[in-house]
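Descriptive analysis of the structure
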Amino acid sequence: MKNVIIKPIIGIVSPCYNEEQVLEETEKQLRTLILDLVERELISEKSFIAFIDDGSRDGTWEIIQKKANQSVVVKGLKLAGNVGHQNALLAGLLTYNTGADALISIDADLQDDVQIIEAMIQKYKSGIDVVYGVRKERMTDTFFKKNSALLFYFLMKKMKSNMIPNHADYRLCSNRVINALSDFNEVNLFLRGIIPLIGFNKEIIYYDRLERLAGNSKFPFRKMLSFAWNGITSFSNFPLKLVSALGFIIFIICLLMSGYAFTALFTGDTVPGWLSTVLPMYFLGGIQLFSIGIIGEYIGKIYAEVKQRPRYIIDERID
Ligand code: UDP
Ligand code: MG
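Residues numbered from 1 in each chain as written. Chains lettered and ligands numbered in written order. Predicted model: local features only at pLDDT ≥ 70, side-chain atom pairs only at ≥ 80, totals over all residues.

1. Details of helix H7 (residues 191-198)
The set of residues buried in H7 consists of Leu191, Arg192, Gly193 and Ile195. Elements that come into contact with the buried residues of H7 comprise helix H3 (85-96), strand E5 (130-135), strand E6 (167-174) and helix H8 (221-235). Positioned one or two residues after H7, glycine 199 has a phi angle of 95°, which is positive. (Buried ≥ 20, exposed ≤ 12 C-beta atoms within 10 Å, placed from the backbone. Helix = DSSP H or I, 4+ residues; strand = E, 2+ residues; numbered from the N terminus. Contact = placed C-beta atoms within 7 Å.)

2. Regarding the environment of isoleucine 205
Mapped onto the secondary structure, isoleucine 205 falls in strand E7 (residues 202-207). Sequence-wise, isoleucine 205 and glycine 11 are 194 residues apart; in three dimensions their C-alpha atoms are separated by 19 Å. Apart from the residues lying within four places of it in its own chain, the contact partners of isoleucine 205 are Ile116, Ala119, Met120, Val131 and Gly133.

3. Considerations on the pairing of strand E2 (residues 48-53)
The element E2 is largely enclosed, with a buried count of six among its six residues. Taken together, the six bridges between strand E1 (residues 10-16) and E2 define a ladder with parallel strand orientation. Residue glycine 11 lies in a different strand from E2, and its bridge partner there is phenylalanine 48. In this sheet, strand E3 (residues 74-79) lies alongside E2 in parallel orientation, the contact comprising five bridges. Bridging across to E3, aspartate 53 finds its partner in lysine 78. (Pairing = 2+ DSSP bridges.)

4. Considering the domain arrangement of the protein
Once the domains are mapped, the protein shows domain 1 (10-218 + 311-318) and domain 2 (238-307). With four residues of domain 1 at the interface, the matching set in domain 2 holds four residues. Residues belonging to the side of domain 1 that touches domain 2 are distributed by class as follows: two nonpolar, one polar and one charged. (Domains from an automatic or database assignment. Nonpolar A, V, L, I, M, F, W, Y, C, P; charged D, E, K, R; others polar.)

Given below as structure tokens:
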């Protein structure tokens, strides 16, 4: 059991990659929100917002610097290079966990409704360790993004991951959840899968996902696909099982076919056409390459994990 804190220190962590177009507005909205909660004595005056600059190449860091110098509630962390959304978020969570009772992660483009932050904090105060923000409907997403996401969550569920559907890294985690997270040393990080794995008590809050305030999505199709694939292969070896099952079924079919071909040898009717010989050859070749490819993917993953390279490197920190 843990003690319930009346005025907890809340940290909002937001990874930013080339977000100069939205950052000023985001900072303003989050700062106003925090100051309002402090004023109403719902959270500690030590609460803060931390922007993590994930190696941006535009003026993002300059904006963070300026804002951090103007206001005590704004902090900034500059990573040495671009490490991707998941690792940038991890950098923020692990860096700021020591100074906070709970951390809320949110994207810098304000696609997630900041108005539920207060409800998240209330849940935390009632003793909940993980509060997931979940999108009600994907009204602002394209037809393609909506349906590919649906398929992805369906597959993840089939593969026994207890991931929360339509939850996109907008969540509150208590101090002890982040402490537990720091023990997960995997390089192929997939937070949406790991947090449910940690356990503790959880709650879900639903909200409407909005349009990006400005700027473009940093997740083009190619990145999205690799993100989904990483999610699947980091959490399950179902694809490996699938290919072995496929291989076995095909082996049985081939066995039956050769039995037929063999009896035909004695009865005198030769097997008509070369198709029945050539077709399985191509078919099996394809299956084999496919299987080797999947095994290769996993070996690649193991390779990355074995190297144990640091997941992020901090360049500068402004508190
Ligand atoms: N982001 C990041 N590093 C990257 C790509 C994205 O820190 O390499 C941040 C980005 O600034 C944003 C969040 O991750 O705050 C989500 O990105 P985006 O909004 O582009 O994704 P989408 O909402 O389109 O899935
Ligand atoms: Mg976005």
